[in-house]
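# Architecture and fold: a report
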Amino acid sequence: MDGKEFKVPMNGNGSNGNGVEVSHGLKVLQDRKKTTMAGLTPKELPTWCGGCGDFNILFTIKNTLVELDIDPASTAIFSGIGCGSKTPHFIKTYGFEGLHGRSLPVATGTLLANHHLNVIVVTGDGDGYGIGGNHLIHTMRRNFNMTHIIQNNEVYGLTKGQYSPTSPAGFRSPSTPQGAIDTPVNPISLAITMGATYVARGYAYEVKHLQKLLADGIRHKGYALIDVFQPCSTYNKINTIAWYKEHLYKLEDSGHDPADKMLALSKAMGDGDKLPIGLFYRENRPTYEDSMPQLNGVPLVKKDISDIDITPMLQRFK
Amino acid sequence: MDGKEFKVPMNGNGSNGNGVEVSHGLKVLQDRKKTTMAGLTPKELPTWCGGCGDFNILFTIKNTLVELDIDPASTAIFSGIGCGSKTPHFIKTYGFEGLHGRSLPVATGTLLANHHLNVIVVTGDGDGYGIGGNHLIHTMRRNFNMTHIIQNNEVYGLTKGQYSPTSPAGFRSPSTPQGAIDTPVNPISLAITMGATYVARGYAYEVKHLQKLLADGIRHKGYALIDVFQPCSTYNKINTIAWYKEHLYKLEDSGHDPADKMLALSKAMGDGDKLPIGLFYRENRPTYEDSMPQLNGVPLVKKDISDIDITPMLQRFK
Amino acid sequence: MKVVNDFSWKIAGVAGDGILNAGLMLARCCMRGGLNVFASAEYPSLIRGGHNHLDVRVSEKPTYSHTKHLSLLVALNMDSVRKHAKKLLPGGGIIYDGDQLKLMEQDVGRSDIKLYPVPLLALAEQAGGKIMRNVVAMGATIGLTGFDIELFNEILRFNFGGKKGEAVVQANILAARFGCDYIREHYCRSGDDKPGGYKSVDNIDGRYSIDGGHPGDGFGFRLERREGNGHIFLSGNEAIVAGAIKAGCKFFAAYPMTPASSILHGMAANEKAFDMVVKHTEDEIAAINMAIGASFAGVRAMTATSGGGFALMAEGFGLAAQTETPIVVVEAQRPGPATGMATHSGQGDLRFVLHASTDEFPRIVIAPGDVTDCFFKTVHAFNLAEKYQLPVVVMTDKYLGESYASVEEFGHRGLKMERGKFIPDGELANNGHEYRRYKITEDGVSPRAVPGQKGGMHTASSYEHDEEGFEREEEETRIAMHHKRFRKLETASKEIPEPEIYGPAKADVTILSWGSPKGPIKEAMKLLQKDGIAANYLQIMYLSPFPAKKVAETIKKAKRCVIVESNMTSMLNSLVREHCLLDVRDKVLRYDGRPFNPEDIYQSIKAMVAG
Amino acid sequence: MKVVNDFSWKIAGVAGDGILNAGLMLARCCMRGGLNVFASAEYPSLIRGGHNHLDVRVSEKPTYSHTKHLSLLVALNMDSVRKHAKKLLPGGGIIYDGDQLKLMEQDVGRSDIKLYPVPLLALAEQAGGKIMRNVVAMGATIGLTGFDIELFNEILRFNFGGKKGEAVVQANILAARFGCDYIREHYCRSGDDKPGGYKSVDNIDGRYSIDGGHPGDGFGFRLERREGNGHIFLSGNEAIVAGAIKAGCKFFAAYPMTPASSILHGMAANEKAFDMVVKHTEDEIAAINMAIGASFAGVRAMTATSGGGFALMAEGFGLAAQTETPIVVVEAQRPGPATGMATHSGQGDLRFVLHASTDEFPRIVIAPGDVTDCFFKTVHAFNLAEKYQLPVVVMTDKYLGESYASVEEFGHRGLKMERGKFIPDGELANNGHEYRRYKITEDGVSPRAVPGQKGGMHTASSYEHDEEGFEREEEETRIAMHHKRFRKLETASKEIPEPEIYGPAKADVTILSWGSPKGPIKEAMKLLQKDGIAANYLQIMYLSPFPAKKVAETIKKAKRCVIVESNMTSMLNSLVREHCLLDVRDKVLRYDGRPFNPEDIYQSIKAMVAG
Ligand SMILES: Cc1ncc(C[n+]2csc(CCOP(=O)(O)OP(=O)(O)O)c2C)c(N)n1
Ligand SMILES: Cc1ncc(C[n+]2csc(CCOP(=O)(O)OP(=O)(O)O)c2C)c(N)n1
Ligand code: SF4
Ligand code: SF4
Ligand SMILES: [Mg+2]
Ligand SMILES: [Mg+2]
């Protein structure tokens, strides 16, 4: 696809984000080739263990970007530290692999500096629900237009198998040899309670289903949380592929209404033996960016800063 | 009341917590005078602004300790930093005024080191729901036997009036001169979702009602969150005494059943004009301490450490 | 003879008395009257109660700090008299509410000062409300010093005008007039030289002025209006805000913490006018990480905090270094450890800031010494950060950040914004090669692309990485990247200005210092000079990279060296020892949470030179 | 003639190959055979893939580190051959899977070593499963070196016994035997001196042994069993765990972070047996604050982390200092900045640890140098923390914490637990006065009461406070408390041992170092000695308070000084400059994430002495 290039004059060196916003939360660049799988694939290969669910999640994210034809150069993927957090290195967009637990604020800063970018966050369960918990709850209530994918393997992979905030009760690990006694975090009900506007759960081995959740999440204008059950073949011997086969069902199949908050909560907290995947809840609420008058025009990164006149503000000190 | 003193042999210097546990979550010492208001009052006077709700909360905490006849020497009160966090200085028990946002882990450490103590945490809304959010969500799911009182004035008092996580949308403050655009935290639904086992809300100017909530919260065996609406006469010009008079109603008066989790959540999230106070939710779940075999006997602080024999563990290195 | 235009004023009471605002109005009034002013306050970590006081120093000549000695004390309670009366100069006086305090000469313990009871509260109520008690006291101050009451009324209009409305303005003007008239009626009957006038006089334009008579009986000080000089009056923190806005900082994230909070407030207040995003975050960790994110996207970004918040930022600080993302961090010191003395001043964080975060990496640390430095060094901080793609710390403290001074208006137009090695879109799109974000270059700086630019795609990583940003652990890559990062500091050090020397080239004593003692030192130099002691002063503004050569030279050349700083272990001397292998044995150190005053520095140095 | 009992072995492959366990079994086997061993591994921050290798050093004499040069390499892939073959000593060899790699002399590029292809995978499968490939290689190693195969079988029983069951044990024993037999059959036909034996021999008790024949054809090394010495074999982190348990640490909270995680694991594994609470927390901030809470309640408490986690703990670290709550923090270094090289080693955090957190306060920093130090210094850390009521840091690094050594069993019974000034209940209840938690005392230490004790009620505060703990901001109180805190360090410094000198009093060269280079330095000293260069070595174990007097003395007395440490800027030299006003110009620095090896230190120093 060949098209017109939008050029916004900018302060000398560096310019970017020629994005314009179309359809809900999704941004595309117009002057470019179609996004392809090959184009999204860098030369470095993932180094995860055989059977790791992260492969499928990576693959599905890339497929989704192709499906939605999202411009890689206008996309930035953020992660923390963990096995799954290596993901940005394996997708050819802009990426930022930050500190353990701190991907959300970095993503927020980038988004506010250039809200024409597609912002995706990919972190582990330890990263997102554990050490990063405070950023998570506050980011959710702010409703930025970003997509947050959690590779939820219910264990700390990279540091060799300690229990995580989502590990089931009784989970034995090097840090909980007698079995975990903390009640696990329920990410879905937490997200709904804290104001996330798109709350879903996928499974790494249901890639089509996952791709739909991701695509809708990226299209959603606002903060989308997609918790993804991700088998860790090395350290989680409880929540295995076989286990998931027995325990998952699809919300869609049970006639769920994602507009019903209380229903979504009760599905999330349901204490049956089976766990639902699918879209739990969706709501439209103005995004944070849209509530800031200073972001209605050009993104911050395009403001001319070469010689700002501060005389008016100095007047107040006279 | 004169009684028998329990002495547990201890390692030389220092001993403590001759507490035995009675009725649910409450611990008392037996060899002591009855707890009185005078006994709980140190020589330092509070320095809050006139009309500050913290006076009433302080007074009610002390009254509750008297009502329950809790031994001050077996009680430790923890706080963070903020106007209300000065509370421990004004109650003659043990106290620890730690860092901003970090009272819960300190309290946890103390509780686990000596689970015969009564542990009370008193923090502001900024402290508890803002910077301390990660400790909050994880402490709640662990269900320690502690009482957490939040002085929720919906503003940062001590740092001079910035908006807080519970400030209403549109709240103008030095850090949000255009009005806050974050959706406020709903502490009640958050607590229920995250596994708190006693979740209530009081109001600083309903002292009898508050005292009942505090007394039940202290008696409750498990983590009790009592969010207390606290007018800040200096910086919160929205949520004033007059405002509360118009907006509060009592859950008890509406025939609420605190055993019904979904009902509690819907009350908490209710979008009517009125806000309920009272006990939203209560559940019995084993405490963290009770799930640790090593705490079934004497508290850690009473273990003899004078010459621990590590020979068995060294054997494994042979 | 009265001392003219050399005046130190203090108002003291409890928190919540509105002391700060009152004092700032008086100071601004004097500035508009062509005088030089400096104002600083001391208050406890409480919203109400505790002991609060504010100093206003006024001088015909440039003035740089508060002074220990006072000309006039406005005492709002007995505590204030007890604490401060001893600081009054002979000929000085105390204004207080005679209805509430019954003061006698013996209470004050000296006969060389005058007592001026004024019914502050009663007059305020008469004018419209208790709250104006301080304005009455201001009016009394103007009356007693013979300054221009109409100029003060202008300030009242400026202060209460827009937001509060005319009624409030009028009530305040009345309150000031009551104070002024009361003091003139009761205590200005005779001047030192000839009989004085009485009350204010109504002018035909509805305004009024003092009748031209002489100021207070036996009061040794007098303020006279001079030609206006176009100065501006602002605090160190306000100057930092102005500097950041000028520098094109478009993203500011912070969590409130004294004494840095007013930077957040200042940025927020200007957010709309200057198209910035200002975010009060959930904590300091978020603040620095957001700033990094914004900078990653190509925007100039800053955060500000105090020591406790900086501790929480330490990890993120290293992230900025590792990902080579430019950020500016203001670290406004207060005494610790831990929460310490939240509203007081000190310089105990120097070593912490120099060494914070895992492992070694280059950082630039700048410590402005006064309000003007705060503006220009903030601008420089942004330029350095972007040119060298590293974190830059602007270190201040409570005294510097929250003290106000009248200074020449910053000549800000045309200041150069040096943005470093951004790659233009065209170059990126056309170069065909894989873009290498961390390209090894001679100067250590790599060309920078930001999200949205075609052809610049890369992943920034907090791991050690190769030129493309991919995680690497090989020995050679590690060494090359470690060297590259440090090379940036070498390059930067070529353009970083050497420390400046103030005072005569040849001096009896050479003062070494950094940060906020600058003002008191400059004042102390004047005092020393009066005693015939020639002092000069080396202001070490850039602490990393440390200017070892210049410092060593200066110390070696000096007849005698003294370090002045606000911590107990003399961190500056530890740096001198480390970098110059020299030891400065004479030191004036203060670490009780209070800023230096000129007199104490002067006395200490004088004693050293004598001893 | 073969070299006997002086052997360096390496196994190399990709992560997930189970290299670590294999190597540790071999090392333990040698230890049980009366030899001294040291084992260390290098692996990437990945769960699978990347390059992994483990060294086992075996020696008749005490041995302190891995070596650069190798006797035998077990190469599990071609990459391993390429990387490590050049390190083989003449007479050394490579064991590899001949079915998978076709190696020729020219691939290796040298003719002075031997190639030993063994069908590792095939034999493993034959024994019961691919996973036992490494066990086959171990068996081959035993066969080639002529060591005791039955001793190795014991280790297999020890390792797989309890948890895995007899079938697994038998399969492993078979795998080892296949490896051993294969190598003996193919490569042990003739010894250096007389014709060798072939396969293992079944004994009457169902066990089997090597037939007494000679080890590998042309292989230059041989292992011989010696009298058992009762040593234990453990890592630095395991020694810290043992030390903490011995010291009565009852509360341990941490967040996993390489290379400190194994301390968490070790503590957790012992939680039940030793009545401790071990908590994997939500983050490092919680970890240190929980430790403080537990200690406030009177319990010995510890946390452990690496640089990034320590950054998050910095604020809490100051809280411990301010509230005078004893805690022990293990800071296990890895290279940075930021996430850096998560699984590698370095010593770049020294200055950060010495200066972390707001303002100045006393801390004790101890850097053990080897496994035995780790045990005893951890115990000492707890004693110092409680006696002086301050935070104590035990600084290690990946190399120290994750390397294993055979050492004399710690004589732990009767070690003194010095708990400092706890007030007995009786004294507290009877003293009638208000209890003053922060009583100003001559030694700076105040008597301590803990919650639950009658009469000891007080509030600990992170603010500056008075003797009772109440928040205070008065100048005098601040100064008194600041002095009191620092006085504790003065008191402590009287009992803190001076740095120890290893080697001859008179030496050609004096090495100064801290932390983990200890082992390689001690080995290098042996090498230097062989060349007639007398070296001694000052181990600076306590870095705060810095032993300036002893260090200065040593440097001044020395003929020539060299600093050895793992960072680029030589932080130790910066401390020497700062504290001693001396400069050590010769340095051996390594900062590529790898530990020192004896040969490199030896070569560098030799070149210096020559040059
Ligand atoms: C501040 C800090 N603490 C600890 C670590 C060590 N660390 C790295 S990844 C990780 C946990 C990984 O678990 P998770 O987030 O679930 O990701 P996974 O590896 O399972 O994909 C930890 C604790 C770190 N890098 N930084
Ligand atoms: C790490 C850190 N950041 C910031 C501060 C500054 N600070 C002190 S109290 C406070 C907020 C107080 O608000 P809240 O917790 O609601 O308590 P309140 O004063 O309203 O009772 C802040 C931001 C601090 N002490 N420490
Ligand atoms: S450890 Fe688990 S999460 Fe990590 S790469 Fe392996 S399978 Fe995946
Ligand atoms: S500022 Fe508000 S919360 Fe703080 S003491 Fe005053 S009224 Fe209370
Ligand atoms: Mg995980
Ligand atoms: Mg509050």
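Our structure is the block above this text.
What comes next concerns the included structure.

Conventions we followed
Residues numbered from 1 in each chain as written. Chains lettered and ligands numbered in written order. Predicted model: local features only at pLDDT ≥ 70, side-chain atom pairs only at ≥ 80, totals over all residues. Heavy atoms only, no water. Helix = DSSP H or I, 4+ residues; strand = E, 2+ residues; numbered from the N terminus. Expected span 1.5 Å × (residues − 1). Buried < 20%, exposed > 50% of the residue type's maximum accessible area, 1.4 Å probe, protein only. Contact = heavy atoms within 4.5 Å. Polar contact = N/O pair within 3.5 Å; in protein donor to acceptor, adjacent residues only side chain to side chain. Pairing = 2+ DSSP bridges. Axes fitted to C-alpha atoms, helices over the stretch in contact; angles between N-to-C directions. Donors = N, O, S within 2.8 Å, 3.2 Å for Na, K, Ca; no water. Parallel < 35°, antiparallel > 145°, perpendicular 65-115°, else oblique. Nonpolar A, V, L, I, M, F, W, Y, C, P; charged D, E, K, R; others polar. Near = heavy atom within 4 Å. Buried area = accessible area lost by both parts, 1.4 Å probe. Salt bridge = Lys/Arg side-chain N within 4 Å of Asp/Glu carboxyl O.

## What to know about helix H1 (residues 19-32) of chain D
Residues and elements named next belong to chain D.
- Between its first and last C-alpha atoms H1 spans 20 Å; for 14 residues at 1.5 Å apiece the expected length is 20 Å, and the two agree.
- Across the 14 residues of H1, 11 count as buried, placing the element largely inside the fold.
- Considered for burial, the residues of H1 that qualify are Ile19, Ala22, Gly23, Leu24, Met25, Leu26, Ala27, Arg28, Cys29, Cys30 and Met31.

## Things to note about the environment of lysine 587 of chain C
All names here are of chain C.
- Relative to the assigned elements, lysine 587 resides in strand E25 (residues 586-589).
- Beyond its immediate chain neighbours, meaning those up to four positions away, lysine 587 contacts Val562, Ile563, Ser570, Asn573 and Met608.
- Within the structure, lysine 587 has its side chain in polar contact with the backbone oxygen of valine 584 (distance 3.1 Å).

## What to know about the sheet that holds strand E16 (residues 364-366) of chain D
Residues and elements named next belong to chain D.
- Overall, mixed pairing links the seven strands, which are arranged E13-E12-E14-E15-E17-E16-E23 in an open sheet. Sheet topology places strand E13 (277-280) and strand E23 (542-544) at the edges, where each strand pairs with a single neighbour. Sheet twist, expressed as the mean angle between neighbouring strand axes with direction ignored, is 20 degrees.
- Of the strand pairs in this sheet, strand E12 (residues 249-254) and strand E14 (residues 300-305) are connected by three bridges, and their pairing is parallel.

## Concerning the sheet that holds strand E6 (residues 88-96) of chain C
Residues and elements named next belong to chain C.
- The strand order E7-E6-E5-E2-E4-E3-E18-E11 describes an open sheet built from eight strands, whose pairing is mixed. This sheet does not close on itself; its edge strands, each paired only once, are strand E7 (114-117) and strand E11 (232-235). Shown here is a sheet whose adjacent strand axes are inclined to one another by a mean of 15 degrees, direction ignored.
- Pairing of E11 with strand E18 (residues 404-407) involves four bridges; the strand directions are antiparallel. Note that in E18 the partner of phenylalanine 233 across the bridge is serine 406.
- Along the sheet, helix H1 (residues 19-32) contacts strand E2 (6-15), strand E3 (36-42), strand E4 (49-59), E11 and E18; its crossing angle with E4, the most-contacted strand, is approximately 5 degrees.

## Describing the coordination of the magnesium ion (ligand 6)
Residue and element names in this part refer to chain B.
- In the first shell of the magnesium ion (ligand 6), the protein supplies Asp125 (OD), Asn153 (OD1) and Val155 (O), at 2.0 to 2.2 Å from the metal.
- We note that the donor set of the magnesium ion (ligand 6) lies within a single chain, spaced as D-x27-N-x1-V. Taken together, the positions of aspartate 125 in helix H3 (residues 125-131) and asparagine 153 in the loop between strand E6 (147-152) and helix H5 (187-193) put the pair 28 residues apart, joining distant regions of the chain.
- The buried category is assigned to asparagine 153, whose relative accessible area is 7%.

## Here's the deal with the coordination of the magnesium ion (ligand 5)
- Taken together, Asp125 of chain A (OD), Asn153 of chain A (OD1) and Val155 of chain A (O) make up the protein donors of the magnesium ion (ligand 5), found 2.0 to 2.2 Å from the metal.
- Within one chain, the residues serving as donors to the magnesium ion (ligand 5) are arranged as D-x27-N-x1-V.

## Some details on the packing of helix H2 (residues 103-113) of chain A against helix H4 (residues 133-142) of chain A
Residue and element names in this part refer to chain A.
- Their axes nearest at 8 Å, the elements H2 and H4 cross at an angle of 40 degrees. In terms of axis orientation, H2 runs oblique to H4. Contacts from Leu104, Pro105 and Thr108 of H2 reach H4 at His135, Leu136 and Thr139.
- The class makeup of the residues in the contact of H2 with H4 is three nonpolar, three polar and no charged.

## Focus on the site of ligand 2
- Taken together, the neighbourhood of ligand 2 is formed by 21 residues, with Cys83, Asp125, Gly126 and Asp127 of chain B together with Glu284 of chain C sitting nearest.
- At 2.9 Å from an oxygen atom of ligand 2 is found a main-chain nitrogen or oxygen belonging to glycine 126 of chain B.
- The contact in question runs from an oxygen atom of ligand 2 to an N or O atom on the backbone of aspartate 127 of chain B, over 2.8 Å.
- Ranked by residues supplied to the shell around ligand 2, first place goes to H3 of chain B with three residues.
- Split by residue class, the shell around ligand 2 holds nine nonpolar, eight polar and four charged.

## Looking at the interface of chain D and chain C
- Contacts between the two partners involve 63 residues from chain D, matched on the other side by 63 residues from chain C.
- Overall, the association of chain D and chain C removes approximately 5300 Å² of surface from exposure, summing both partners, and the carbon and sulfur fraction of that is 59%.
- Connecting chain D to chain C are four salt bridges.
- Here glutamate 578 of chain C and arginine 351 of chain D are joined by a salt bridge, their closest N and O atoms 3.3 Å apart.
- Between the two partners, chain D and chain C, sit 40 residue pairs in polar contact (both at pLDDT 80 or more).
- Contributing elements (two or more residues each) for the side of chain D that touches chain C: helix H11 (307-323), helix H12 (350-355), helix H16 (475-495) and helix H19 (571-580) of chain D.
- Top contributing element to the side of chain D that touches chain C by residue count: H11 of chain D, with nine residues.
- Tallied by class, residues from the side of chain D that touches chain C come to 24 nonpolar, 22 polar and 17 charged.

## Observations concerning the interface of chain D and chain B
- Contacts between chain D and chain B engage 81 residues on the former and 63 residues on the latter.
- Where chain D abuts chain B, roughly 6200 Å² becomes buried across the two surfaces, and 60% of that area is made up of carbon and sulfur atoms.
- Its largest share of buried area at the contact with chain B, chain D owes to Glu282, Met457 and Phe470 of chain D, together 10% of the area lost on that side.
- Linking chain D with chain B are 10 salt bridges.
- Notably, a salt bridge pairs lysine 246 of chain D with aspartate 307 of chain B, separated by 2.5 Å at the nearest N-O pair.
- Remark: the boundary between chain D and chain B carries 36 residue pairs in polar contact (both at pLDDT 80 or more).
- For the side of chain D that touches chain B, the elements supplying multiple residues, two or more each, are H1, strand E11 (232-235), helix H8 (236-246), E12, E13, helix H10 (284-296), H11 and strand E19 (459-461) of chain D.
- At eight residues, the largest contribution of residues to the side of chain D that touches chain B is made by H10 of chain D.
- Counted by class, the side of chain D that touches chain B contains 36 nonpolar, 23 polar and 22 charged residues.

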